[in-house]
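Notes for the structure review
One-letter residues, chain by chain:
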Amino acid sequence: MKRILAGLISLSVLATGHEAEAASCKINVSYNKQFYKIEGLPIANKQYGMAKSYHPGANKTMIRSYQKMRAAALKKGIVLDVVGTPGAYGYRSYAVQKQLYNDYINLYGFSYASKISAKPGTSEHQLGLAMDIRDGTNYGTLNTAFEYTAASKFIRENGQRYGFIVRYLKGKEAITGFMYEPWHIRYVGVTHATRIKKDNITLEEYLGIAGRRKLSAGQYQVNGALCKYKR
Ligand SMILES: [Zn+2]
């Protein structure tokens, strides 16, 4: 069964034109009762949730990297701003996410709300490793027109140098479960970000978990882009 699934996944990977020579490798999934890690990388998505009580605040390394990225952008006259509570660097607790999610459901209904907002306990913002960016010279915020701003261009082209990826890509909605969100960046560190950017893939494709059932703690054979680097 596993082999059949793996075959199906590599077919779908071929169909999207990426990773024609996708290698197979073992990945390590762990859960510390607060959040999941895959190959040491904290993960939060529609499948991999966090404990309600997990309340880390924004990751300090991420904040430092963001500040470096912001300074580099500023040198070119580009202003990056983080959306949300000043000084929170994108961090949202379970309770705040719950409020936001319920507001979206009331506004738009469940189906649309679930494509634009994470269910409480599954948001990368609760993980403390994601931020929503706006262009500080532009009043528009959190809509796809952001992609036409200098700030968006800057994070698309240079984010990986500071360890960031644009997390919810255009055309990858079926994999991430989210609409295209050019403003949402995730910190994964420079090494992973550089590889992910090079292949223009999602974190799920990189880790080899796209299209798979949720994996519990353990080791699994996958076809992920990271396999190319694991030998
Ligand atoms: Zn976001």
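Residues numbered from 1 in each chain as written. Predicted model: local features only at pLDDT ≥ 70, side-chain atom pairs only at ≥ 80, totals over all residues. Heavy atoms only, no water.

Details of a nonpolar patch on the surface
Selection rule: Note on patches: the residues involved have over 30% relative accessible area and no salt bridge, like charges join within 9 Å, and the nonpolar side chains Val, Leu, Ile, Met, Phe, Trp and Tyr join within 5 Å. Accessible surface area values rest on a Shrake-Rupley calculation with a 1.4 Å probe, where residue burial reflects the displayed protein chains alone. The term salt bridge refers to a pairing of a side-chain nitrogen on Lys or Arg with a carboxyl oxygen on Asp or Glu at a separation within 4 Å. With a 1.4 Å probe rolled over the protein chains alone, any residue whose accessible area is under 20% of its type maximum counts as buried; one over 50% counts as exposed, and the rest are partly exposed.
There is a patch of nonpolar side chains on the surface, built from Leu-107, Tyr-108, Tyr-112 and Met-179 and spanning about 400 Å² of accessible area. Residue class for Leu-107 comes out exposed when judged on its relative accessible area of 61%.

Regarding the sheet that holds strand β8 (residues 218-223)
In plain terms, the rule: Any two strands are treated as partners once DSSP identifies two or more bridges connecting them. A run of H or I in DSSP counts as a helix once it spans at least four residues, and a run of E counts as a strand once it spans at least two, with each numbered from the N terminus. To obtain an axis, a line is fitted to C-alpha atoms, over the contacting stretch when the element is a helix, and the angle between two such axes runs from 0 to 180 degrees between their N-to-C directions.
Pairing within the open sheet is antiparallel, and its 4 strands lie in the order β3-β2-β1-β8. Edge positions in the open sheet fall to β3 (41-43) and β8, since each of these has one partner strand only. Here the average twist between neighbouring strands, direction ignored, is 35°. Here 6 bridges tie strand β1 (residues 24-31) to β8, and the two strands are oriented antiparallel to one another. The partner of Val-29 across the bridge, within β8, is Gly-218.

Structural notes on the confidence of the model for the protein chain
Here is the rule: Every residue carries a pLDDT, the predictor's confidence in it, which falls somewhere between 0 and 100. Residue contacts follow a heavy-atom distance rule, with two residues in contact if any of their heavy atoms lie within 4.5 Å.
When pLDDT is averaged along the protein chain, the result is 91, and 90% of the positions lie at 70 or above. Scored below 50 in pLDDT, residues 7-15 makes 6 contacts in the model with residues more than four places away or belonging to other chains.

Section: the nonpolar core
Worth spelling out the cut-off: To qualify as a nonpolar core, a set must consist of buried Ala, Val, Leu, Ile, Met, Phe, Trp, Tyr and Cys residues joined through side-chain atoms within 4.5 Å.
Grouped together as the largest cluster of nonpolar side chains are 30 residues, with contacts concentrated most on Met-69, Leu-80, Ile-133, Phe-164 and Ile-185. Among the secondary structure elements, those contributing two or more residues to this core are α2 (60-75), β5 (130-135), α6 (150-158), β6 (164-168) and β7 (181-187). The dominant element in this core, judged by the number of residues it contributes, is α2, at 6 residues. The contacts of Met-69, once residues within four sequence positions are left out, are Leu-80, Phe-154, Ile-155, Gly-159, Tyr-162, Phe-164 and Ile-185. Membership of the second largest hydrophobic core comes to 24 residues, among which are Ile-38, Tyr-48, Ile-165 and Ile-209.

Some thoughts on the environment of Thr-144
For Thr-144, the location among the structural elements is in the loop between β5 and α6. With a relative accessible area of 38%, Thr-144 lands in the partly exposed category. Along the backbone, Thr-144 and Trp-183 are 39 residues apart, and their C-alpha atoms lie at a distance of 8.0 Å. Residues contacting Thr-144, with those up to four places away along its chain left out, are Tyr-180, Pro-182 and Trp-183.

Some thoughts on the coordination of the zinc ion
Let me state the cut-off plainly: Each metal's donors are the N, O and S atoms found within 2.8 Å of it, except that Na, K and Ca use a 3.2 Å limit; water is left out, so coordination can look incomplete.
Protein ligation of the zinc ion involves His-125 (NE2), Asp-132 (OD) and His-184 (ND1), the donor distances falling in the range 2.0 to 2.1 Å. The sequence pattern describing where the donors of the zinc ion fall on their chain is H-x6-D-x51-H. Placement of His-125 in helix α5 (residues 124-127) and of His-184 in strand β7 is noted, with a sequence separation of 59 residues between them. The two residues His-125 and His-184 agree in class, both being buried.

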